[in-house]
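Residue-level structural notes
So the chains spell out like this:
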Amino acid sequence: QLQASGGGLVQAGGSLRLSCAASGPTFSAYGMGWFRQAPGKEREFVATISWSGGSTYYADSVKGRFTISRDNTKDTVYLQMNSLKPEDTADYYCAAGSTRRATMVSSEYDYWGQGTEVTVSS
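Everything quoted here is computed from the prediction, not taken from an experiment.

**Things to note about the sheet that holds strand β1 (residues 2–5)**
Overall, antiparallel pairing links the 4 strands, which are arranged β1-β3-β8-β7 in an open sheet. Each edge of the open sheet is held by one strand with a lone partner, namely β1 and β7 (66–71). Each neighbouring strand pair of the sheet contributes to a mean axis angle of 15°, computed without reference to strand direction. Sheet topology places strand β3 (residues 16–22) next to strand β8 (residues 76–81); 6 bridges connect them, and they run antiparallel. The partner of S19 across the bridge, within β8, is Y78.

Take a look at the structure:
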């Protein structure tokens, strides 16, 4: 089970840190990802991290502004979001994949958390 938190309302240029806490004994064995879905749009990839944290990938739209990280001792993955823009407004979802690797492909994720809403005002 995945529990995402940390969303909220922030002004453009501000920062938020999303957290995704996992329950279960095998969190460290999963590759993790963040996706988002804006109103009226399809879900899109944001960032991913491998089971060890050694590999990360980002969508071009967030590269240089967002950072994904994980703490396997706390069974938690984070998404630090800086320099937020109004176009970052969306529901953000975390996901876990048993492939263990960092992947941008949503179909490779086995478990999904509920969304946490991020609203960036201009």
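Still more ground to cover, so stick around.
**A short note on the state of the cysteines**
On inspection of all chains with the given rule, the structure shows 1 disulfide. Sulfur-sulfur distance for the disulfide between C20 and C94 comes to 2.1 Å. Its torsion about the S-S bond being 60°, the disulfide of C20 and C94 is classed as right-handed. With C20 in strand β3 and C94 in strand β9 (residues 90–97), the pair connects residues that are 74 residues apart, well separated along the chain. Overall, the relative accessible area of 0% leaves C94 in the buried class.

**Digging into the packing of aromatic side chains**
Scanning the entire structure with this criterion turns up 5 aromatic pairs. For the pair F35 and F45, a centre-to-centre distance of 5.8 Å together with 75° between the ring planes defines the contact as edge-to-face. Taken together, the residues span a long stretch of sequence, with F35 in strand β4 (residues 31–37) and F45 in strand β5 (residues 44–49) at a distance of 10 residues. Both residues of the pair, F35 and F45, count as buried. With 6.0 Å between their ring centres and 65° between their planes, Y109 and W112 make a pair best called edge-to-face. Exposure remark for Y109: the relative accessible area of 5% places this residue in the buried category. Taking the relative accessible area as the measure of exposure, W112 reaches 30% and is therefore partly exposed. Three or more aromatic residues link up through ring pairs in this structure, and these residues are F35, F45, Y109 and W112. If you follow R70 out to its NZ or CZ, it ends over the ring of F27, 4.6 Å from the centre. R100 extends its terminal NZ or CZ atom over the ring of W51, reaching a point 4.3 Å from the ring centre.

What counts as what
- Residues numbered from 1 in each chain as written.
- Predicted model: local features only at pLDDT ≥ 70, side-chain atom pairs only at ≥ 80, totals over all residues.
- Heavy atoms only, no water.
- Pairing = 2+ DSSP bridges.
- Helix = DSSP H or I, 4+ residues; strand = E, 2+ residues; numbered from the N terminus.
- Axes fitted to C-alpha atoms, helices over the stretch in contact; angles between N-to-C directions.
- Disulfide = S-S within 2.5 Å.
- Buried < 20%, exposed > 50% of the residue type's maximum accessible area, 1.4 Å probe, protein only.
- Phe/Tyr/Trp six-rings, centres within 6.5 Å; stacked < 30°, edge-to-face > 60°.
- Lys NZ or Arg CZ within 6 Å of the ring centre and 35° of its normal.

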